[in-house]
Every structure is written in structure tokens, then in C-alpha cells.
There are 4 protein chains.
Amino acid sequence: MAVFHAKRLIRFGHCDPAGIAYFPAYIDILVGVVEDFWTMLGHPWTDQLGRRHMGTPTAHLSCDFVRPSRHGDQLLFSLKAERLGSKSLTLVVDVTRAGELIWSAKQVLVAMDMKTGLSQPWPDDIRVALQGFIDTAE
Amino acid sequence: MAVFHAKRLIRFGHCDPAGIAYFPAYIDILVGVVEDFWTMLGHPWTDQLGRRHMGTPTAHLSCDFVRPSRHGDQLLFSLKAERLGSKSLTLVVDVTRAGELIWSAKQVLVAMDMKTGLSQPWPDDIRVALQGFIDTAE
Amino acid sequence: MAVFHAKRLIRFGHCDPAGIAYFPAYIDILVGVVEDFWTMLGHPWTDQLGRRHMGTPTAHLSCDFVRPSRHGDQLLFSLKAERLGSKSLTLVVDVTRAGELIWSAKQVLVAMDMKTGLSQPWPDDIRVALQGFIDTAE
Amino acid sequence: MAVFHAKRLIRFGHCDPAGIAYFPAYIDILVGVVEDFWTMLGHPWTDQLGRRHMGTPTAHLSCDFVRPSRHGDQLLFSLKAERLGSKSLTLVVDVTRAGELIWSAKQVLVAMDMKTGLSQPWPDDIRVALQGFIDTAE
């Protein structure tokens, strides 16, 4: 199973008065990493939204926050596609600092027709690209 | 079991180019609702952080996003304390619009000593206040 | 000249590791106050964007940050409309805590046709409402 | 005069229901660019805040938003230090897309002693580094 990696710096603006990363900021960063995953796959959100009138809203998110990260920390996001459904995609993401787990997430995305607001099957080319990512040995 | 209610307006700044609330903005709003819960309980975060040098970081969060909300929607957050551990608290929150479920969350908070970064038992007065909230008939 | 007042609480999530409000959070709060001003005026953004296909993007913003605010502070936003142009509106906002100036802003909004992306004259009813607000003795 | 350059992608999460970058998101991005400037200079905020107990809060910000940017746009931030005072620093930033001006900012930072909350002179090594940046031919 392939893994998509993305690095992110914990910035001043991500941190709270307790001096650690504010977890809602993590969720915003995660969305950006998932955005980069789609771009890497060859199906950027700009194309999905602009040309296909299709979105991938999040139906479920669960996170475990294992230890805090701090201003200046370099985090590595490692994303795997755990399950490809006909209309959904389950991503699992580990976030580490120097090999140590900081937090992890499971996120379920749903393919949605933006004109009707209803879920839809993945377009063939996107399904093939996702399956290819899943089948690729790391 | 008591329920803490808080209303929130979905603002322009909460919404994304798909025209619906951006889910990381929901998480930020949730933190504010939980902050108001602590204030209602008589133990505001300003006092916990400032006087007690204690925080309540989130160890776990899971969310189900059932249907989108839009700019201008009035959402009602209904928060229950599902379980009080010696060092943790599990909150469950339903977010509705005119009685219809928009999303729901389960959040586990941990009492933490900010000087050591280690979990700690709830101070007696906070434990009593939390237990009182749980035991109150709605 | 009338003044529109709005109260805002500085929340945990607005503050930075220096323990004071993060100024980009102020700007997001300001947008919400301006959104409430339009709603008070009877021309909410949801109606402007949804029915009129019109927006009011910001062309200019200048801010002076006089003293810091902290987690738990109650701020009062006092908004005046300083100048109504044929296609623009200049707002001035003072933000105070217990009568003491924390920061102030001048913001120039432009009426924009969202279909063309070009500026447009204020619709008559909006212009009348803005002029009425300006002419009202406080 | 030297120029510090930083590239930023306009992400889905930066954009509003009007489909363009939400300007408070720009301000948050700007803070990150200024953070990178200090790191490039050899005086990262983590060191300023952690070791020196010194901060650089913003006393003034003014922005002109010339044309909108959209989801997927690549923006180039070009930062110059316009004026170095004994306790302050004036930065000017142009933000362009393919050479076209999108927005510009002038930001005045003040050196602050975090223990007293009062302004302070720049430490010698920081002043020398800033002066060196200003004096460098591009």
C-alpha cells in the first residue's frame, strides 16, 4: 500500500496560549494535506470542483491526539487510503515528529455531486487513480 | 442528565467555496462551545490556566457530519457529559438546525498539569461540579 | 452619526503562545461584526450574495493595534460609516475594553457584481439604508 | 535593498463562498511569511520567544486588496524592510500572481519585552542582522 507523505511546520499562528498546537488548527492543516494528496493523484480539487462540479465532503473524522506538538516542530503527515468504496474513500493519517506519533486521524470522504448535493459514484478515472494508489507497493 | 445548549450562527467566514460550512471551522466553533460550558460550570479556562496551571487538552475527537449547513444557518449545540473519569471527561455534542441533526461529536478531555505536561486527577471542586452537571435531570 | 455596537469575547482559540489575541483572529472577528452590521441594516450578506449576486469585498484595510487583549477579555466593537461613495463604503471601527482603546480599523468595502467581478453602484435600497444609518443621530 | 521571497498556494480552506481568498486568511498567511523572514535572518521566533522572552507584536497594518485570488493560485510574497527604528521595524510586502499585483501590505512590528509588556530596543545582533538585510543589494 502506497503512502503519501507531506511535511508541515507548526507555526506561531497554529499555537494556543498553552504553548502547544491548537487542535482545530491541526484539522485545517489536515485538509491541506488531503488537498495535496488529490493534486499528487492528478485530480486536484480545483478540477473536481470547477470542471466536474463534484466535491469530496468529509462524512466522518476521528482523531487521537497522543502528545502535544509545539511552535517550530516539523511534522510528517503519512496518508494511506484504507478503503475505497463505490462512493466513498477512507483515509488514515499518522502525524509524527522525528518518528514519534503526535496524532492520527481516520477520515471518510464521500463523492458528491455539487449540483444535487447527493452522493455519487467515483468517476472512472478517479476510481482507477485511487485504486492504483492503494495497490502500489510503497 | 443535564444538557448545555449554545447557539451559533454560521457566518460567511465559516464557509468554503462549495458554499457550505468548512468542517475545520466547526471544530473551532466546538472548542468555543466547550469553553462556554466550563464557564457555565463555574470553572472558566482563564481560571484553570491562570490560577491552577491546569489545562484540559483533547485526547480524542470523533465527528459524524450528517448534512451540510450553510451561510446564515442558526445551529444549536447540545452538550452532555457522557462519562467522568478520574482524569478525563467524555463529552457528546449534537449539532442541529431546526431540530435536524447536522453533525455530532464525541470529545475526550484530559485534566493536565501544565507545569509537568502530565495528566492529573480532577481537582475536587471541578469533579463535584462535573458530577453535579451529570446528575442534574434536564 | 449612528454607531453600530457589537460585543465579542476573546476566546482561548483567538490567542497565541504569547498569551494575547492573535491579530489575524481580530480581522476574522471584524468581518463577523461587519456581517452583523449588514444584517442590522436589513441587507444581510446571505441576501446580497444569494438573491442579488452582489458582494462587498474589502479594497483597503488599515489597523492600529494600541494595546494587547487577553483570553477572557470582553471587547466592544463600535462601527461608524465614515463615507458613502457611489460604489464604496468606508467604515471606521474602534475596539475597546472597559472604555480603553485596544485597536482600531478603517475598512473600505466596494459593491461588486459577482457575475462580472466588476464594481457596481450600490442598489438604491441599500444606498438609502446606508445613508439613513449615517444620518441618524446616535 | 534586499527582498525576501516566499511562495504560497491559495488552498480550498483559504477561500470563501464567493469563491475567492478570504482576506483574513491572507493576514494569517502573511504572519507565516514574516515568521519565515525571521528564520531566514537567523533569529527565529522560537528563539526570540523562548530564549530572549521577546516578541515582535504588530502595531500597525495597512493593506490594499487590488484584485482577488482564487483556489489554486500560486502567490509570491516579496518582503522588504522599509525602515528600521530603534524599537520598531516597518515591512512592506507585495503579493503577486504571475507578476500581477494581488494585494500589498505595510506592517510595523515593535520589539517587546514579554516579561514587562513594554517595547524595548532591538538586541544588537538582531539590529545588525536587520540592517544587513536592508543594506544588501538585491
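Each chain carries its own residue numbering, running from 1 in the direction its sequence is written. Written order decides the labels, with chains lettered from A and ligands numbered from 1. Where totals are concerned, whole chains, interfaces and linings use all residues; where local detail is concerned, this predicted model gives features only for residues with pLDDT of at least 70, and gives and counts side-chain atom pairs only at 80 or more. Excluded from the side-chain calculations are hydrogens and water; all other atoms, namely the structure's heavy atoms, are used.

## Quick notes on the relation of the copies chain C and chain A
Then, in step 1: Take chain C, turn it by 180°, move it 0.0 Å along the axis, and it overlays chain A with an RMSD of 0.0 Å. Taken together, the rotation and translation describe the operation of a two-fold axis.
Then, in step 2: Between two residues, a contact is recorded if the distance between any of their heavy atoms is within 4.5 Å. A share of 100% of interface residues in chain C that are also interface residues in chain A marks the association as one of identical surfaces. To superpose the copies, least squares is applied to the C-alpha atoms of every residue with a pLDDT of at least 70 in both.

## What to know about the interface of chain B and chain A
Then, in step 1: Across the contact, 17 residues belong to chain B and 17 residues belong to chain A.
Then, in step 2: For any pair of parts, buried area is found by adding up, for both, the accessible area (1.4 Å probe) each one loses once the two are put together. Around 1,700 Å² of area is buried between chain B and chain A when both sides are counted, 67% of it from carbon and sulfur atoms.
Then, in step 3: Area buried by chain B at its contact with chain A is led by F23, L61 and F65 of chain B, which between them contribute 26% of it.
Then, in step 4: By definition, a salt bridge exists where a carboxyl oxygen of Asp or Glu is found within 4 Å of a side-chain nitrogen of Lys or Arg. Applying the counting rule to chain B against chain A returns zero salt bridges.
Then, in step 5: Pairs of N or O atoms within 3.5 Å make up the polar contacts considered here, provided that, within protein, one atom can donate a hydrogen while the other can accept it, and that residues adjacent in sequence are counted only when both atoms are side-chain atoms. Our count for the chain B to chain A interface comes out at ten residue pairs in polar contact (both at pLDDT 80 or more).
Then, in step 6: Helix numbers and strand numbers start at the N terminus; a helix is a DSSP run of H or I with at least 4 residues, a strand a run of E with at least 2. Counting residues per element, the ones that place at least two in the side of chain B that touches chain A are α1 (23-41) and β3 (58-65) of chain B.
Then, in step 7: The greatest single-element share of the side of chain B that touches chain A, amounting to eight residues, is contributed by β3 of chain B.
Then, in step 8: Gly is put with the polar residues, along with every residue not named as nonpolar or charged; the nonpolar set is Ala, Val, Leu, Ile, Met, Phe, Trp, Tyr, Cys and Pro, and the charged set is Asp, Glu, Lys and Arg. Taken together, the residues of the side of chain B that touches chain A sort by class into eleven nonpolar, four polar and two charged.
Then, in step 9: In this structure, strand β3 (residues 58-65) of chain A lies alongside β3 of chain B, joined through five bridges in antiparallel fashion. At least two DSSP bridges between two strands are needed for those strands to be called paired.

## Looking at the environment of F12 of chain C
Then, in step 1: Structurally, F12 of chain C is set in the loop between β1 (4-9) and α1 (23-41).
Then, in step 2: Given the relative accessible area of 10%, F12 of chain C is considered buried.
Then, in step 3: Each C-alpha atom of the pair F12 of chain C and R70 of chain C lies 8.8 Å from the other, and the pair is 58 residues apart in sequence.
Then, in step 4: Apart from the residues within four sequence positions on either side, F12 of chain C is in contact with D16, P17, A18 and Y22 of chain A, E35, W45 and L49 of chain B together with H71 of chain C. Note on classification: 1.4 Å probe, protein chains only; a residue is buried when its accessible area is under 20% of the maximum for its type, exposed when over 50%, partly exposed between these limits.

## Quick look at the confidence of the model for chain A
Then, in step 1: Looking at chain A as a whole, its pLDDT mean stands at 95, while 99% of the residues score no less than 70.
Then, in step 2: This prediction of the complex comes with two scores: 0.97 for pTM and 0.95 for ipTM. The predictor rates its confidence in each residue with pLDDT, a number between 0 and 100.

## As for the sheet that holds strand β7 (residues 112-113) of chain C
Then, in step 1: One open sheet accounts for three strands, arranged β2-β7-β8 (chain C); its pairing is antiparallel. Of all strands in the sheet, those bounded by a partner on one side alone are β2 (54-55) and β8 (118-119) of chain C.

## Focus on the packing of aromatic side chains
Then, in step 1: Between 30 and 60 degrees the pair is tilted, below 30 it is stacked and above 60 it is edge-to-face, where a pair is any two Phe, Tyr or Trp rings, Trp via its six-membered ring, whose centres lie within 6.5 Å. Going through the model one piece at a time under the given rule, you end up with 44 aromatic pairs over all chains.
Then, in step 2: Consider the rings of F4 of chain A and F37 of chain A, whose centres lie 6.0 Å apart with planes at 65°: the pair is edge-to-face. Of this pair, F4 of chain A sits in strand β1 (residues 4-9) while F37 of chain A sits in helix α1 (residues 23-41); the two residues are 33 residues apart in sequence, bridging distant segments of the chain.
Then, in step 3: Judged by centre distance (4.9 Å) and plane angle (20°), the ring pair of Y26 of chain B and W103 of chain B falls under stacked. Taken together, the positions of Y26 of chain B in helix α1 and W103 of chain B in strand β6 (residues 100-110) put the pair 77 residues apart, joining distant regions of the chain. With respect to burial, Y26 of chain B and W103 of chain B carry one shared label: buried.
Then, in step 4: Through successive ring pairs, a cluster of aromatic residues spans F4, F37, W38, W122 and F133 of chain A.

## A few points about the pattern of salt bridges
Then, in step 1: The final tally for this structure, using the stated rule, is 44 salt bridges over all chains.
Then, in step 2: As a salt-bridge pair, R52 of chain B and D47 of chain B come within 3.9 Å of each other at their nearest N and O atoms.
Then, in step 3: A network of salt bridges, in which partner residues are shared, links R8, E35 and D36 of chain A together with R11 of chain D.

## Focus on helix α1 (residues 23-41) of chain D
Residues and elements named next belong to chain D.
Then, in step 1: Taking 1.5 Å of rise per residue, the 19 residues of α1 would be expected to cover 27 Å, and the 27 Å separating its terminal C-alpha atoms lies within 8% of that figure.
Then, in step 2: Counted residue by residue, α1 has 16 buried out of 19 residues, so it is predominantly covered.
Then, in step 3: After α1 finishes, the residue G42 shows a positive phi value of roughly 95°. The length a helix should cover is 1.5 Å for every residue beyond the first.

## Structural notes on the side chain of S104 of chain B
Residue and element names in this part refer to chain B.
Then, in step 1: Structurally, S104 can be placed in strand β6.
Then, in step 2: Accessibility expressed as a relative area gives 17% for S104, which makes it buried.
Then, in step 3: Apart from residues no more than four positions distant in its own chain, S104 is found in contact with S62, C63, D64, V93 and D94.

## A short note on the side chain of S69 of chain C
All names here are of chain C.
Then, in step 1: Mapped onto the fold, S69 is located in the loop between β3 (58-65) and β4 (74-84).
Then, in step 2: Since its relative accessible area comes to 1%, S69 is described here as buried.
Then, in step 3: Within the structure, S69 has its side chain in polar contact with the side chain of Y26 (distance 2.6 Å).
Then, in step 4: Contact partners of S69, with chain neighbours within four places excluded, come to I10, I20, A21, Y26, L75, R97 and I102.

## What to know about the interface of chain C and chain A
Then, in step 1: Contacts between chain C and chain A engage eight residues on the former and eight residues on the latter.
Then, in step 2: Note on chain C versus chain A: buried area summed over both sides is about 720 Å², and carbon and sulfur give 77% of it.
Then, in step 3: Of all residues in chain C, the largest losses of buried area upon contact with chain A belong to F12, P17 and Y22 of chain C, amounting jointly to 65% of the total for that side.
Then, in step 4: The interface formed by chain C and chain A holds zero salt bridges in total.
Then, in step 5: At the boundary of chain C and chain A, one finds zero residue pairs in polar contact (both at pLDDT 80 or more).
Then, in step 6: Looking at the side of chain C that touches chain A, its residues break down into five nonpolar, two polar and one charged.

## Focus on the pairing of strand β1 (residues 4-9) of chain B
Residue and element names in this part refer to chain B.
Then, in step 1: Judged by which residues are buried, β1 turns out to be one-sided: F4, A6 and R8 face inward and are buried, whereas H5, K7 and L9, on the alternate face, are not.
Then, in step 2: In this structure, β1 lies alongside strand β4 (residues 74-84), joined through six bridges in antiparallel fashion. The partner of H5 across the bridge, within β4, is S78.

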